[in-house]
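A look at the structure
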Amino acid sequence: MTGALISVRDLSIRYGGPDAPAAVDGVSFDVNPGEIVALVGESGSGKSSVSLAVMSLLPDSAHVGGSILFEGRDLAACGRREMENIRGNRIGMIFQEPMTCLNPVLSIARQMTEGLVRHRAMSRSAARRRALQALADVGIPEPERVMNSFPHELSGGMRQRVMIAAALTLEPSLLIADEPTTALDVTVQAQVLDLLVEIRNRTGDGVLLITHDIGVVAEVADRVVVMQGGHVVEHGPWEQVIRAPREAYTKALIGAHMSLEEALTDGGLHG
Amino acid sequence: MADQTPAPAIEVRDLTKSFRVNGRDVHALNGVSLAVGHAETLGIVGESGSGKSTLGRIVVGLETMSSGEILHEGTAISGVGRAERNARLAKCQMIFQDPYASLNPRMTIGRQIHETLRAHGSRQLAHNLATAAVLLERVGLPQDAAGRYPHEFSGGQRQRIAIARAISTGPSVIVADEAVSALDVSIREQILDLMAELKGTTSYLFISHDMAAVAKFCDRIAVMHKGRLVEQGTTRQIISAPQDPYTQSLLEAVPRIGRRR
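How each quantity is defined
- Residues numbered from 1 in each chain as written.
- Chains lettered and ligands numbered in written order.
- Predicted model: local features only at pLDDT ≥ 70, side-chain atom pairs only at ≥ 80, totals over all residues.
- Heavy atoms only, no water.
- UniProt positions renumbered as here; feature names shortened; annotations may be inferred.
- Helix = DSSP H or I, 4+ residues; strand = E, 2+ residues; numbered from the N terminus.
- Pairing = 2+ DSSP bridges.
- Axes fitted to C-alpha atoms, helices over the stretch in contact; angles between N-to-C directions.
- Contact = heavy atoms within 4.5 Å.
- Parallel < 35°, antiparallel > 145°, perpendicular 65-115°, else oblique.
- Left-handed = near helix turned anticlockwise from the far one by under 90°.
- Nonpolar A, V, L, I, M, F, W, Y, C, P; charged D, E, K, R; others polar.
- Expected span 1.5 Å × (residues − 1).
- Buried < 20%, exposed > 50% of the residue type's maximum accessible area, 1.4 Å probe, protein only.
- Arc of directions from axis to C-beta.

A separate point is the UniProt feature "domain: ABC transporter" (unreviewed entry) in chain A. Under the feature "domain: ABC transporter" (unreviewed entry), the UniProt entry names residues 8-254 of chain A. Structurally, residues 8-254 of chain A comprises 43% helix and 25% strand, and the distance from its first C-alpha atom to its last is 25 Å.

As structure tokens, then:
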């Protein structure tokens, strides 16, 4: 056993039955502490199925083959209770649309302290202090005010910060971020990406970043796993995959991500 | 008019839109003035809440303005009768971000294009279906597309359908609101190429937060921030030499390959 936080080996996922066509086939990768690993692909590539499998959130109809080890433990062998403990406690999750993950009728304070009170047997006041610190850590200017707010009173970028802060209060060792910036404006996206890098640098957490945006991957990932049609088509350090891609599909993805300068010359509509 | 320059296809002057929220007036648009020339493509960029979608919706008549003026070919639409106003608005079509939401799931594609043409006065079903077949072929869809339903198509194909429907009435102005934002990058390219190919004499208001798509597709760009127009110019000016600090920060935030955070 190496020191990998998460070790995915020969993962296959079929929906509807063991004989159904594989949505994911033969996928293997590791996430090490302090490493940002990006799983990149277009719709239908299977990247979201892989992230759900890592979180054990696949529907019962999904048939899973291969193995997923988290800190050396086989997730398939974990009971529901144990898995619930790992999720949240050891694995923090950040999703695309924070509004659907935050409970609209509970204050931020309530949502951020609940896990601490339940999982860590903290007192309400200690949990509150920890939550305030977490909000400050993710760059929220007035943590007290945000604590007393409800989700709808916050902007999209602020909600995403709150969700990241909530994930961090339990000090997980792995963060899974599934399209964390896709619903955000570019300027806010830039802030959230900086924040993910900063958290990794500070905590040494591993980050599994699932995204369709090769531009985002190029800016933050240490290692890149490119998926297409349920398979890994290319996998390696970012310098290699982004700067010297070997597979035609990776080249096409990078090629389709036009820089603004390229777009200017490519357009040809504006002399 | 004294000079020879033709009036712009569409022009808005000092456009304001306010909503009343919790007893306070919120300005979604605050004194916006801009013009789109014939066969010109104007990109409207800005972040959520900048007012860019509200602007597009007002131009096609889906929303009303609080104050200001909209001119079609130099004629203020507030000054014309209802029939002429409707006829002028019929020359403005819209393409939305999510083509599935903008198509009727229970109607075949051919029928939906027929409905659009019928609303614009062409009532013969057989004739309209023939027109639909030609349009669908022009946007690169298979021949039997007219007889199929929206769910039978991929996201990119649905956007092709939405484009076919938008061009079916021969509009002079098309407002495309985040028309390629929900598509995978490879498909996005194809749809942008298709729109460029079909441009002809149509003027476009291309609303998007995707700077690269705007840079590729548009002749000029207008930058909006908090309901105001902060800067406008040719695409080259805005992308290569933005003047306003907000435009600069917007461009700086665009992810690029070759830079590390």
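The next thing to look at is the sheet that holds strand β3 (residues 36-40) of chain A. Residue and element names in this part refer to chain A. The sheet built from 6 strands is open, its strands ordered β6-β7-β8-β3-β9-β10 with mixed pairing. Because the sheet does not close on itself, it has two edges, and the strands there are β6 (91-94) and β10 (231-237). When the angles between neighbouring strand axes are averaged without regard to direction, this sheet yields 15°. Looking at chain direction, β6 and strand β7 (residues 174-178) are connected through 4 bridges and run parallel. Its bridge partner lying in β7, Gly92 is registered against Leu175. Here helix α7 (residues 156-169) sits on the sheet and contacts β6 and β7; the angle it forms with β6, its principal contact strand, is near 170°.

What follows is about the packing of helix α4 (residues 109-119) of chain B against helix α5 (residues 125-138) of chain B. Residue and element names in this part refer to chain B. At a closest axis distance of 9 Å, the pairing of α4 and α5 adopts a crossing angle of 115°. Between α4 and α5, the crossing angle belongs to the class labelled roughly perpendicular. Viewed along their axes, α4 and α5 form a crossing whose handedness is right-handed. Within the contact between the two elements, α4 uses Ile109, Gly110, Arg111, Ile113, His114, Leu117 and Arg118 and α5 uses Leu125, Asn128, Leu129, Thr131, Ala132, Leu135 and Leu136. In terms of residue class, the contact of α4 with α5 is made up of 8 nonpolar, 4 polar and 2 charged.

Here we come to helix α5 (residues 124-137) of chain A. All names here are of chain A. Here α5 contains 14 residues, and its C-alpha end-to-end distance of 20 Å stays within 8% of the 20 Å for a straight helix at 1.5 Å per residue. Residues of α5 that are buried include every one of Ala127, Ala131, Leu132, Ala134 and Leu135, and no others. Along the long axis of α5, the arc covered by the buried residues comes to 160°, so they all point the same way. On its buried side, α5 packs onto α4 (108-120), α6 (143-147) and α7. Phi turns positive, to about 80°, at Gly139, one or two residues after α5.

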